[in-house]
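# A look at the structure
Below are the chains, spelled out letter by letter.
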Amino acid sequence: MERTAKADGSSLIFLGTGCSTGLPSPRCLIHPSDPPCPVCSYSLKLPPQHNPNYRCNTSLLIDYLVANDEHKYILIDAGKTFREQVLRWFTFHKIPRLDSILLTHDHADAVLGLSDLHCVRPLDSNGDVNPISVYATQECCDSVVLKFPHLSKKVHKHHEDIGQVTQVDWRIIQNDCHKPFIASGLQVCPLPVMHGEDYVALGFLFGDKCKVAYVSDVSRFPSTTEYIISKETGEQLDLLILDTNCIYLNGQKNTHFCFPETLDAVRRICPKRALLIGMNHGYDHHKINKDLLEWSEREGIPVQLAHDGLRVPIEL
Ligand SMILES: [Zn+2]
Ligand SMILES: [Zn+2]
């Protein structure tokens, strides 16, 4: 986490790399096991900004250099820990605002932070707050508006000062790999994936110069989606950012990949490089990354766990 200065080019900033509860898990601290959970107890020993085992809800910020000096800031998901992530990483990486938001699905760890949007909305040249564009499927938009009616334009009355209320410009996107959209100048392709067998979430594919796929909540890749991001297309991904929720199969009906499934998917998709996200307390950052170095050497694909605050410069 040495990078402090604003990057000149485009970059990806991992605002959160943890599971839904975040880490440390409150349960492990208020009902400590014997011996105590090593990852959760360790996650209190160092301050969060120096501690890769302290993980907020999964979220990525795309710092996109559109042209010359013009940067656009595109967020993927704003979960339960969004406020903490803004306080910690927007200040550290000097992020002044958000220009648009992409939502993967309507679960709490992806959308509950939307109630705090007012503090990161863009300003126009008069210093007035502008609406922020939020890209989501119709189902996801409906579900969020039900939770936060003030995020729907319909609740605004004409005499209200719109600078004082959160206002979202909803942009409806499709569950379809072949229906790309443009967010703040960046072309993005939705990647429908199964998140449990009865629920579809989206990942996103973006980048002209470097191809990046981000898939934060997946239990199974439909064949069309997997094909589009796999090396077989002739366009190998430069970076795959992929879900790896728990370290072992827990025997329950999973809604996320576990570690062996994630590594199998990385092997099949065969990107130039992969970073893993969504980890629960089964993952001790340094220990698992050491194991992953061996795996990477063997398989010829560099794979590591990401950590909160990680900034990866990349040409988009
Ligand atoms: Zn724990
Ligand atoms: Zn989810």
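Let me begin by describing the structure that accompanies this report.

Before going further, it helps to examine the overall build of the chain. Across its full length, the chain holds 8 helices and 14 strands. A compact globule built from 316 residues should have a C-alpha radius of gyration of about 20 Å, and the chain, at 19 Å, falls within 12% of that. Along the first, second and third principal axes, the C-alpha atoms of the chain reach 60 × 50 × 40 Å. For the chain, buried positions account for 46% of its 316 residues. Taking as baseline every contact in the chain between residues at least 6 positions apart, the subset at least 24 positions apart corresponds to 69%.

Moving on to the sheet that holds strand β5 (residues 132–136). Strand pairing in a sheet relies on backbone hydrogen bonds. The paired strands run either parallel or antiparallel. Taken in spatial order, the 7 strands of this open sheet run β6-β5-β4-β3-β2-β1-β14, and their pairing is mixed. Each having just a single partner strand, β6 (168–172) and β14 (311–313) make up the two edges of the open sheet. When strand polarity is set aside, the average angle formed by the axes of neighbouring strands in this sheet is 20°. The sheet contact formed by strand β1 (residues 11–16) and strand β2 (residues 59–67) spans 5 bridges and is antiparallel. Residue Ser11 lies in a different strand from β2, and its bridge partner there is Asp63.

So, about unusual backbone geometry. Generally, phi is negative for residues other than glycine and the peptide bonds are trans, each holding for most cases. Going from Leu23 to Pro24, the amide bond is cis rather than trans, its omega being 5°. With respect to the helices, strands and loops of the structure, Pro24 is situated in the loop between β1 and α1 (26–30). Here the residue pair Asp34 and Pro35 is connected by a cis peptide bond, since its omega of -5° sits within 30 degrees of zero. One can find Pro35 in the loop between α1 and α2 (38–42). Non-glycine residue Lys94 carries a positive phi angle of around 55°. Examined against the element boundaries, Lys94 turns out to sit in the loop between α3 (82–92) and β4 (100–102). Backbone geometry at Ser184 places phi at a positive 50°, although glycine is not the residue there. Along the chain, Ser184 turns up in the loop between β7 (181–183) and β8 (186–194).

Our focus in this paragraph is the environment of Ser43. You can see Ser43 is positioned in the loop between α2 and β2. Expressed as a C-alpha distance, the spacing of Ser43 and Met194, which sit 151 residues apart in the sequence, is 31 Å. Ignoring anything within four residues of it in the chain, the contact list for Ser43 reads Leu23, Pro24, Asn51, Asn53 and Tyr54.

The strand order across the open sheet built from 7 strands is β7-β8-β9-β10-β11-β12-β13, with neighbouring strands paired in mixed fashion. Looking at strand neighbours, the two that pair on one side only are β7 and β13 (303–305), the edges of this open sheet. Averaged over all adjacent pairs, the angle separating strand axes in this sheet is 30°, with direction ignored. Here strand β10 (residues 212–215) runs beside strand β11 (residues 239–243); their pairing, made up of 4 bridges, is parallel. Considered in β11, the bridge of Val212 is made with Leu239. Running at roughly 155° to β11, helix α7 (residues 259–269) makes contact with β11, β12 (274–277) and β13 of the sheet.

With 82 residues, the main nonpolar core has Phe204 and Ala213 as its most contacted residues. Once residues within four sequence positions are removed from consideration, Ala213 is found in contact with Leu191, Gly203, Leu205, Ile229, Leu237, Leu240 and Ile241.

Our next topic: the pairing of β5. For β5, the tally of buried residues reaches 4 of 5 residues, placing the bulk of the element in the interior. Relative to β5, β4 runs parallel, the two sharing 3 bridges. Of the residues in β5, the one forming a bridge with Leu102 is Tyr135. Here β5 pairs with β6 via 5 bridges, running parallel. Each residue of the ladder has a partner; that of Val134, found in β6, is Trp170.

With respect to the helices, strands and loops of the structure, Pro302 is situated in the loop between α8 (285–299) and β13. What makes Pro302 partly exposed here is the crowd of 15 C-beta atoms within 10 Å. Along the sequence, Pro302 and Val266 sit 36 residues apart, while their C-alpha atoms lie 9.9 Å from each other. Residues within four places of Pro302 in sequence aside, it is in contact with Arg273 and Ser296.

We now examine the pairing of strand β3 (residues 70–76). Most of β3 is tucked away: 6 of the 7 residues are buried. When β2 meets β3, the two strands line up antiparallel, connected through 7 bridges. Paired with Leu60 across the strands is Ile76, a residue of β3. Where β2 folds back onto β3 in an antiparallel hairpin, the turn is made up of 2 residues, including Asn68, whose phi is positive at roughly 40°. Two strands pair when backbone bridges link them, and β3 and β4 are joined in this way by 3 bridges, in the parallel orientation. Note on β4: the bridge partner recorded for Ile74 is Ser100. Following the backbone out of β3, through α3 and into the adjacent parallel β4, one traces a crossover that is right-handed.

Criteria and thresholds
Residues numbered from 1 in each chain as written. Chains lettered and ligands numbered in written order. Predicted model: local features only at pLDDT ≥ 70, side-chain atom pairs only at ≥ 80, totals over all residues. Helix = DSSP H or I, 4+ residues; strand = E, 2+ residues; numbered from the N terminus. Rg over C-alpha atoms; globule rule 2.2 N^0.38 Å. Buried ≥ 20, exposed ≤ 12 C-beta atoms within 10 Å, placed from the backbone. Contact = placed C-beta atoms within 7 Å. Pairing = 2+ DSSP bridges. Axes fitted to C-alpha atoms, helices over the stretch in contact; angles between N-to-C directions. Core = buried A, V, L, I, M, F, W, Y, C linked by C-beta atoms within 7 Å. Right-handed = clockwise from strand over helix to strand, strands pointing away.

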